[in-house]
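Architecture at a glance
Chain by chain, the residues run as shown.
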Amino acid sequence: MKRPLNVMMFSWEFPPRVIGGISPHVYFLSKSLAKNDVKVHVVTCDFPGAPEHETIDGVEVYRVDSYKNPSPDFATWVYLMNMNMQKEAAAIAAKLSEPIDVFHAHDWLVATTGIGLKHVFRKPLLVTMHSTEIGRRDGLHTTTERMIHETEAWLTYEAWRVVCCSDYMVTHVKWAFGLPQDKLAMVPNGVNSHVYEGFGRHDLRDFRLKFALPHEKIVLYVGRLVYEKGIHILINAIPKVLAKADAKFVIVGSGYMQEQLSNIVKSMGLEHKVLFTGFVDEENLLKLQKVADVSVVPSLFEPFGIVALEAMAAKSPVVVSDTGGLGEIVQHDVTGFKAYPNNTDSLAWGIVKVLTDDGYARHLRENAYRVILERYDWDKIAQQTRGLYEAVLGEYSKSAWE
Amino acid sequence: MRAVLFSWEYPPRIVGKLAEYVSILATDLVKSSVDTHIVTYHESLTGPSEEPSGAKVIRVTNPVRSHVSLITWVLTLNQEVERAAANVYYQNQKNVNVVDVYDWHFIAAAVTLKHALDIPFVYSVDSLEDHRSPGANAPFNMAIRGIEWLGFFEAAAVTAKSDWMKNEIMRVYNVPNEKITVLSPSASTWVKDVVHVYNSASGVAVK
C-alpha cells in the first residue's frame, strides 16, 4: 500500500505567532495539504502559552526554542535561532516512524535549517520565496542586506524547486538569483473566504459608527506603515478624494512612517478625516474589511498582495497600484481598479470612481468574489502543491541520492 | 573505527597551534588504523584531498560572502561542514563512529549530525570564550558561550589538554568530572588515549 507523502515544513512564524504573511500562509497550506492526504510536520518558533507539540486538523506542529538570549542584531538572531531549530527538527525527523520525503522551507529566515536537513537526510528541499531582500530594500545597501541576499541566493541554489506566489515574483526571483526557468514554479497564495461569512453588513452598523459618521464612506488601508507599501501616496491623495466624495480614511497597521504620516495629515488640517488605528485584532480587522466601501492597496513593491485578496473575499471593492503581484490579482475595471503606481492623481481618481458609482462598485465586488472562489481557494492550492512534491520526488527517484 | 575531525584551522591554513596539533594527530590516528577524515575551512582550496599519511581532508568555504560578524560567518559555514560530514557518512555505508570537534566553531554541525544520523561527538577544548574575552558579557560573547555550553551538553565526551583546562571547564560550565578526559600531547600514550576516548564515545547511544 502506498503511504501518504510525509513533508516537513519550516517557518519562523505559525499561529499564534503572527508577524507577517508567512504565518497564515503556512497555517492554511498545511491544513489544506492534510485534507489532501499529505502528512505535514511544521517546525516553527515557540510562542508564550502555545504548546511545544500539538496536532491541528491533522497537521503536526512543533514549536522549538527560538533562542531567547540577547542577540547582537536581528540577522544574527536568525542564524542562532536556526541552529536550535535545525537541532530540534533533526531529532524530530529522525524519530518519525515514516521518513520525511520532502523538506519545505519558507523564506531565508529558515534557510540554514532547510539546507542542513536536506544534506543530513538526503531528501529534496523546496523553498517558497515570499519576498526578497533586494526587493524589500529596492537594492542592497548594507552588509546586512547583502548577507541576507546571499543567504537567499544560497537557499534557492540548494532548493530542488523554488515556489513563488505570483508570475511577477517568478520573474523577480529568477532575475535576483540568476535561476533557470525550470527551477521555478508558480503557486498562488490563497485566501480563506469563509471567515467573512459570519457577519453581514447590516449587523455591523454599530461597529461602523465607531469609525465613521453615517454620511461618510470608509476608505480602508491595511498594512505596515512603511515606504514600500506606498501609504504616503494614499495620504497625499486624501484632499483630492475629499474634493469629490465624503469619506473617512481608516489606516490600520503600524510602522516607522507613522509619525511622519500623521504630521502630514495634521498639516493638511484633515485630522477629523483620518483615523490611525494601529494594529487591530483579527476579529475587528475582518469586520473593518467587511464594512469598508473601498479597500486601497497603494504599494510600490508587492510580491503578492494578500491584503487585496482578503478585501475581495470580504466583498469590498479594491483600488490597487498596478505593481508586482497586485497587478496580476486584479483585472482593471473587472475585479478592481488599477491605479498607476506612485501616482496620487490616479489613485484618487480610482477611489472617487468606486465611492461615487454604486453600479461600478457592485460590478467589481461581484466579479472579484467569483475569482476568489475560482483561483485562490486553499484546497486547489494544496492540490497544486502536492503535484509539485510528487513531480520533485519523481525526479529524485532517478537521482544519485535515491 | 571511522572518525571525522572538525577544525577551523588545518595546514596550510594556520591561525594558531591547533592546525599543527590536528595534523599530527590525524597522521598518528591513521597509523592506529583509524579511518581519519578532517573537515576544515579554506577560502580557495576547497574539495576533497588525501594526505601522504592517508588521512582524508575535505576543505569547505562559506557560500555567503558578506557577514555582519564572526557568528554569522561561523553559523553559515557550519552548513558546509555538516554537508561534507554527511557525505562521508553516505559514502561509507552510513558508518561514521565519531565526530571530534575542536573548539566551538563547528559545534552546531556536530549537534545536528548527532540528532539526525546518530553519530556521537567528542568536544575537544583548545580554549574557552571565558579566557579569550574574560568577563565580556555582550550578546556577541554570550552567543559564543551559549554555543560552547551546547557543545558540553550534547557531547558524548569532552577532552582537555591539561588538568588546569579540565578544572576550568568544570568551573565555568559545571561539566561533570567524569565527562572530561585529559589528553596530554606530550604523553607517550597520547594517540592510544585519543582512540580510547573515541571508542567509549561511540559506544554512547544517542537516542
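Because the structure is predicted, anything quoted here is derived from the model rather than measured.

In terms of regular secondary structure, chain A is built from 15 helices and 14 strands. Over its C-alpha atoms chain A spans a radius of gyration of 22 Å, differing by no more than 12% from the 21 Å that the globule rule assigns to 402 residues. Seen through its C-alpha atoms, chain A measures out along the principal axes to roughly 65 × 45 × 45 Å. By the burial criterion, 61% of the 402 residues in chain A qualify as buried. Long-range pairs, those at least 24 residues apart, make up 69% of the contacts in chain A between residues at least 6 apart in sequence. Per element, the accessible surface of chain A, about 16200 Å² overall, is 52% carbon and sulfur.

This brings us to the pattern of salt bridges. Residue and element names in this part refer to chain A. In this structure the tally under the stated criterion is 38 salt bridges over all chains. A salt bridge links Lys 31 to Asp 57; the shortest N-O distance between them is 3.0 Å. Residue Lys 31 is located in helix α1 (residues 22–35), and its partner Asp 57 is located in the loop between β3 (53–56) and β4 (59–64); the two are separated by 26 residues in the primary sequence. In this structure, the salt-bridge partner of Glu 145 is Arg 137, at a minimum N-O distance of 3.9 Å. Assessed through its relative accessible area of 11%, Glu 145 is described here as buried. Overlapping salt bridges bring together Glu 133, Arg 136, Arg 137, Glu 145 and Glu 152 as one network.

It is worth spelling out unusual backbone geometry at this point. Residue and element names in this part refer to chain A. Of note, the amide linkage connecting Pro 15 to Pro 16 takes the cis form, showing an omega dihedral of 5°. Checked against the element boundaries, Pro 16 lands in the loop between β1 (5–10) and α1. One non-glycine residue with positive phi stands out, namely Asp 57, at about 50°. Owing to a relative accessible area of 55%, Asp 57 belongs among the exposed residues under this scheme. For Asn 342, which is not glycine, the phi torsion reads 60° and is therefore positive.

This part covers the side chain of A:Glu216. All names here are of chain A. You can see Glu 216 is positioned in the loop between α7 (205–209) and β9 (217–222). Polar contacts involving the side chain of Glu 216 include one to the main-chain amide nitrogen of Leu 213, which spans 2.9 Å. Within the structure, the side chain of Glu 216 is placed 2.7 Å from the side chain of Lys 273, a separation counted as a polar contact. When near neighbours in sequence (up to four residues on either side) are disregarded, Glu 216 contacts Arg 208, Asp 246, Ala 247, Lys 248, His 272 and Lys 273.

All names here are of chain A. Between helix α8 (residues 231–242) and helix α13 (residues 344–356), the least distance of the axes is 8 Å, while the angle of their chain directions is 55°. Here α8 is positioned oblique relative to α13, judged by the angle of their axes. The two elements α8 and α13 meet at a crossing, and its hand is right-handed. In this structure, α8 uses Ile 233, Leu 234, Asn 236, Ala 237, Lys 240 and Val 241 to contact α13, whose residues at the interface are Thr 344, Asp 345, Leu 347, Ala 348, Ile 351, Val 352 and Leu 355. The residue makeup of the contact of α8 with α13, split by class, is 9 nonpolar, 2 polar and 2 charged.

Once that is clear, we can look at the layout of surface pockets. By rolling a water-sized probe across the atoms, one finds the places where empty space is left. If you add up the space inside the second largest pocket, you get close to 380 Å³. Around the second largest pocket, the lining is made up of 19 residues, and of these A:Phe121, A:Lys123, B:Tyr90, B:Lys94 and B:Leu117 lie nearest the centre. Mapped onto the lining of the second largest pocket, the elements with two or more residues apiece are α2 (74–95) of chain A together with α2 (70–91) and α3 (107–117) of chain B. Taken together, the residues of the lining of the second largest pocket sort by class into 13 nonpolar, no polar and 6 charged.

Spanning 16 residues, helix α5 (residues 143–158) of chain A covers 22 Å between terminal C-alpha atoms, matching the ideal 22 Å at 1.5 Å per step. For α5(A), the full list of buried residues reads A:Glu145, A:Met147, A:Ile148, A:His149, A:Glu150, A:Thr151, A:Glu152, A:Trp154, A:Leu155, A:Thr156 and A:Glu158.

Rules used throughout
Residues numbered from 1 in each chain as written. Chains lettered and ligands numbered in written order. Predicted model: local features only at pLDDT ≥ 70, side-chain atom pairs only at ≥ 80, totals over all residues. Heavy atoms only, no water. Helix = DSSP H or I, 4+ residues; strand = E, 2+ residues; numbered from the N terminus. Rg over C-alpha atoms; globule rule 2.2 N^0.38 Å. Buried < 20%, exposed > 50% of the residue type's maximum accessible area, 1.4 Å probe, protein only. Contact = heavy atoms within 4.5 Å. Areas by Shrake-Rupley, 256 points an atom, 1.4 Å probe, with all protein chains shown as cover. Salt bridge = Lys/Arg side-chain N within 4 Å of Asp/Glu carboxyl O. Polar contact = N/O pair within 3.5 Å; in protein donor to acceptor, adjacent residues only side chain to side chain. Axes fitted to C-alpha atoms, helices over the stretch in contact; angles between N-to-C directions. Parallel < 35°, antiparallel > 145°, perpendicular 65-115°, else oblique. Left-handed = near helix turned anticlockwise from the far one by under 90°. Nonpolar A, V, L, I, M, F, W, Y, C, P; charged D, E, K, R; others polar. 1 Å grid on protein atoms, 1.4 Å probe; cavity = no way out; pocket = protein on both sides within 12 Å on 5 of 7 lines; lining within 4 Å. Points joined across faces, edges and corners; volume = space filled by probe spheres on them. Expected span 1.5 Å × (residues − 1).

Just distances and angles here, no functional claims.
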